[in-house]
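Each chain, letter by letter, is given below.
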Amino acid sequence: MNRVAPLDVKSGPEDMPPVAARHIRVAEEFWSRQYADKTRPVPLAVVKERLMQTRDADALPNALVTKLLVEADLNQDGYLNYEEYMVFAEASARESRARLAFNRAALSVVPRGERTVEKRSYLQQYRCCPPALFMVTAALVEIGVFIFYAYDMGVPVTANGPAPLYSPLIYNPYRRYEAWRYVSYALIHSGYMHLIMNLVMQTILGLLLELVHGWWRVGLIYMSGVLAGSLSQSLAMPRAYLAGASGGVYAIVYAHLGNLLLNWSEMEFRWLQLVACLALSVGDISMALWDTYGSPTPSNTGHLAHLGGAIAGVLVGIYVLRNLKMRRWEKYCWWVALILYLVLIGAGIILNATLPVPGFFPSNDK
């Protein structure tokens with residue numbers, strides 16, 4: 001075991017902030033219950049097994065457990081003594097009370113027999129500082145825009161409409177030269193059910209990604225899905241208006257698939273998440289085919305916007321999400337995802353701007 005400086009008896013728990021002092025007391029209590037004799041070193045394999053699988057270890061801050069699992073055997077002697085253990089405890093005593101509560105809640109759904117160093121390390125990446133502001137901000141802006149137009153239109157807004165077609169934010173096929181509409185349409189929703197469904201999906205799933213990967217990564221995925229959705233839909237239905245954040249929502253949903261690919265061995269319930277993503281894909285494709293070709297009353301759903309957002313979510317997710325354990329094949333996957341996304345977006349922009357098919361797009365209404 002690596003040699004460390006002796007524990008400074010002058011800086012006991014009573015001299016620390018309350019949360020840090022509690023951290024130290026919990027660590028001491030764990031050692032005392034598991035290993036009564038503080039003078040004898042304990043085999044590191046035994047320590048690691050009890051850290052991951054015993055009920056007492058659930059109260060330990062995740063930073064301490066991760067540090068012990070990863071760093072505690074630097075000299076490969078296979079033992080850990082009480083003094084060294086407490087030095088690690090002091091080094092990780094900066095955990096906040098909210099962080100402790102989150103760790104215990106997250107661990108409650110991880111089977112004890114399946115707790116590994118990788119899963120503990122992934123859990124440690126969840127952070128509330130900086131706060132997850134992008135998805136919250138996006139939701140608040142969308143709610144504010146919806147309320148404004150619900151008042152401005154002067155007609156009752158139902159679950160399914162109407163949408164403010166006169167808005168400078170909505171994607172208007174007759175004003176395609178106003179390039180901002182390819183992104184700003186995500187702020188407009190047709191009816192309160194349209195808004196609620198998008199908000200629920202993007203907030204819950206987006207926050208889970210944002211807590212680990214940061215606001216700018218999630219924001220980039222979301223906006224790439226919004227752009228890919230409008231470019232795809234305008235080519236598939238060139239005379240249709242487009243509203244709603246579904247392109248961004250689908251990008252967030254399918255970014256979880258990219259996250260699974262990058263962090264497969266570190267993810268909890270990975271097979272369940274994969275099956276859920278595949279089931280969503282099959283269901284959405286089936287619904288799109290029925291709505292387009294089989295339904296006697298087709299809806300106005302932008303299915304190609306969903307598809308464009310989903311593809312963008314997978315590709316950009318692979319490229320920008322944090323990879324906690326880089327493997328050789330993932331480097332090639334990273335480059336393929338980046339190049340493929342740039343090619344698809346570039347092609348979408350060029351076709352929308354210069355498609356040489358007379359009458360395909362409606363004439364501009366200036």
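Residues numbered from 1 in each chain as written. Predicted model: local features only at pLDDT ≥ 70, side-chain atom pairs only at ≥ 80, totals over all residues. Heavy atoms only, no water.

## Details of the environment of tyrosine 319
And step 1. Along the chain, tyrosine 319 falls in helix α13 (residues 303–320).
And step 2. Placed 60 residues apart in sequence, tyrosine 319 and asparagine 259 show a C-alpha to C-alpha distance of 9.8 Å.
And step 3. The residues touching tyrosine 319, leaving out its near neighbours within four places in the chain, are Trp334 and Leu338. (Helix = DSSP H or I, 4+ residues; strand = E, 2+ residues; numbered from the N terminus. Contact = heavy atoms within 4.5 Å.)

## Brief notes about a nonpolar patch on the surface
And step 1. Taken together, the side chains of Tyr192, Met193, Ile196, Met197, Val200, Ile204 and Leu208 make up a nonpolar region of the molecular surface, amounting to roughly 620 Å² of accessible area.
And step 2. Structurally, tyrosine 192 is set in helix α9 (residues 192–213). (Patch = residues over 30% accessible without salt bridge, like charges linked within 9 Å, V, L, I, M, F, W, Y side chains within 5 Å. Areas by Shrake-Rupley, 256 points an atom, 1.4 Å probe, with all protein chains shown as cover. Salt bridge = Lys/Arg side-chain N within 4 Å of Asp/Glu carboxyl O.)

## Quick look at the pattern of salt bridges
And step 1. Evaluated as defined, the whole model comprises 2 salt bridges.
And step 2. The residue arginine 175 makes a salt bridge to glutamate 178 at a minimum N-O spacing of 3.5 Å.
And step 3. Residue arginine 175 is classed as partly exposed on the basis of its relative accessible area, which comes to 27%.
And step 4. Residue glutamate 178 is classed as buried on the basis of its relative accessible area of 11%.
And step 5. The salt bridge involving glutamate 178 is made with arginine 181; its shortest N-O contact spans 2.5 Å.
And step 6. Arginine 181 gets classed as buried once you look at its relative accessible area, which sits at 4%.
And step 7. Each of the salt bridges in this network shares a partner with another, and the network as a whole consists of Arg175, Glu178 and Arg181. (Buried < 20%, exposed > 50% of the residue type's maximum accessible area, 1.4 Å probe, protein only.)

## Some details on the nonpolar core
The tendency in soluble globular proteins is for nonpolar side chains to be buried as a group.
And step 1. Among the nonpolar cores identified, the biggest contains 39 residues, and Ile221, Tyr222, Tyr254, Leu257 and Tyr341 are the most heavily contacted of them.
And step 2. Looking at this core, the elements with two or more residues in it are α7 (134–152), α10 (215–236), α11 (246–262), α12 (270–294), α13 and α14 (328–354).
And step 3. Among the nonpolar cores identified, the runner-up in size contains 23 residues, and Phe30, Met52, Leu60 and Val65 belong to it. (Core = buried A, V, L, I, M, F, W, Y, C linked by side-chain atoms within 4.5 Å.)

## Considerations on the packing of α10 against α13
When two helices pack together, their arrangement is given by the angle between the helix axes and the distance between those axes.
And step 1. Running from N to C, α10 and α13 cross one another at 145 degrees; their axes reach a closest spacing of 7 Å. Here the hand of the crossing between α10 and α13 comes out right-handed. The residues of α13 that touch α10, namely those facing Arg217, Leu220, Ile221, Ser224, Gly225, Ala228, Gly229, Ser232, Gln233 and Ala236, are His303, Leu304, Ala305, Gly308, Gly309, Ala312, Gly313, Val316, Gly317 and Val320.
And step 2. Of the residues belonging to the contact of α10 with α13, the class tally is 9 nonpolar, 10 polar and 1 charged. (Axes fitted to C-alpha atoms, helices over the stretch in contact; angles between N-to-C directions. Left-handed = near helix turned anticlockwise from the far one by under 90°. Nonpolar A, V, L, I, M, F, W, Y, C, P; charged D, E, K, R; others polar.)

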